[in-house]
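# Survey of secondary and tertiary structure
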Amino acid sequence: AQSVTQLDSQVPVFEEAPVELRCNYSSSVSVYLFWYVQYPNQGLQLLLKYLSGSTLVKGINGFEAEFNKSQTSFHLRKPSVHISDTAEYFCAVMDTGRRALTFGSGTRLQVQP
Amino acid sequence: DVKVTQSSRYLVKRTGEKVFLECVQDMDHENMFWYRQDPGLGLRLIYFSYDVKMKEKGDIPEGYSVSREKKERFSLILESASTNQTSMYLCASTKGGAGREEQYFGPGTRLTVT
């Protein structure tokens, strides 16, 4: 069975500072990896995904993530955050060949002026 | 743009009532999903469907059932609502295939069972 761990439930950060949101997963087979963002009172939208190939994946709004197979991690980064990045971020994993995602518990990013 | 709509943003029901949550997508997607979202637990899969009249249990199907009579519509049914089913319910859809495609989410229904 697959599982996802997001170690930080909340991450406070000042505007224009860099940020890293951590995600570790466990699975016995190859996986696809995703980061979704949920802005207040909205549904989730895709930030980026890793399917295969280059381990550094670039997404929308200046976010990127790096897949590290040996450490089973897929950490999300942004070099300089804005107030508008305040949201909840979810890491998700899917075993290749399956149709459903397994989500982590989420990390609330709070960007302060 | 893909659009996933849910019938209600907020719903208040009494314990023991039968509750229907409706989800409609307009992009001819094969796969549809129901999740519940609770603080500190993230999203947990209740049921999903990969074709009309087909369904598969997710991680927490107990107390729920689903119906998919038309491709664009996926309904979640709480046969006898209980207070522990108070939650945010999210519907999602995606094209067919082995999961490489983005899931598109509706805005959610916040259900309160009193």
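This text gives an overview of the structure that appears in the document. What you see is a predicted model; the values in this text were computed from it and never measured.

To continue, consider the side chain of A:Ser73. All names here are of chain A. As for its position among the elements, Ser 73 is in strand β9 (residues 73-78). The exposure class of Ser 73 is buried, given its relative accessible area of 3%. The residues contacting Ser 73, other than those within four sequence positions of it, are Cys 23, Asn 24, Tyr 25, Glu 66, Phe 67 and Asn 68.

In total, this model carries 13 aromatic pairs over all chains according to the counting rule given. Ring centres 5.5 Å apart and planes at 45° place the aromatic pair A:Phe63 and A:Tyr89 in the tilted group. With a gap of 26 residues between them, A:Phe63 in the loop between β7 (56-58) and β8 (64-68) and A:Tyr89 in strand β10 (residues 87-95) connect regions that are remote in the sequence. Taken as a pair, A:Phe63 and A:Tyr89 share a single burial class, namely buried. Residues A:Phe103 and B:Tyr35 carry aromatic rings whose centres are separated by 5.4 Å and whose planes lie at 90° to one another, so their mutual orientation is edge-to-face.

Residue and element names in this part refer to chain A. Under the criterion given, the structure shown has 2 disulfides over all chains. Sulfur-sulfur distance for the disulfide between Cys 23 and Cys 91 comes to 2.0 Å. Taking the torsion about the sulfur-sulfur bond, which here is approximately -65°, the covalent link between Cys 23 and Cys 91 counts as left-handed. Taken together, the positions of Cys 23 in the loop between β3 (19-21) and β4 (24-26) and Cys 91 in strand β10 put the pair 68 residues apart, joining distant regions of the chain.

Definitions and cut-offs
- Residues numbered from 1 in each chain as written.
- Chains lettered and ligands numbered in written order.
- Predicted model: local features only at pLDDT ≥ 70, side-chain atom pairs only at ≥ 80, totals over all residues.
- Heavy atoms only, no water.
- Helix = DSSP H or I, 4+ residues; strand = E, 2+ residues; numbered from the N terminus.
- Buried < 20%, exposed > 50% of the residue type's maximum accessible area, 1.4 Å probe, protein only.
- Contact = heavy atoms within 4.5 Å.
- Phe/Tyr/Trp six-rings, centres within 6.5 Å; stacked < 30°, edge-to-face > 60°.
- Disulfide = S-S within 2.5 Å.

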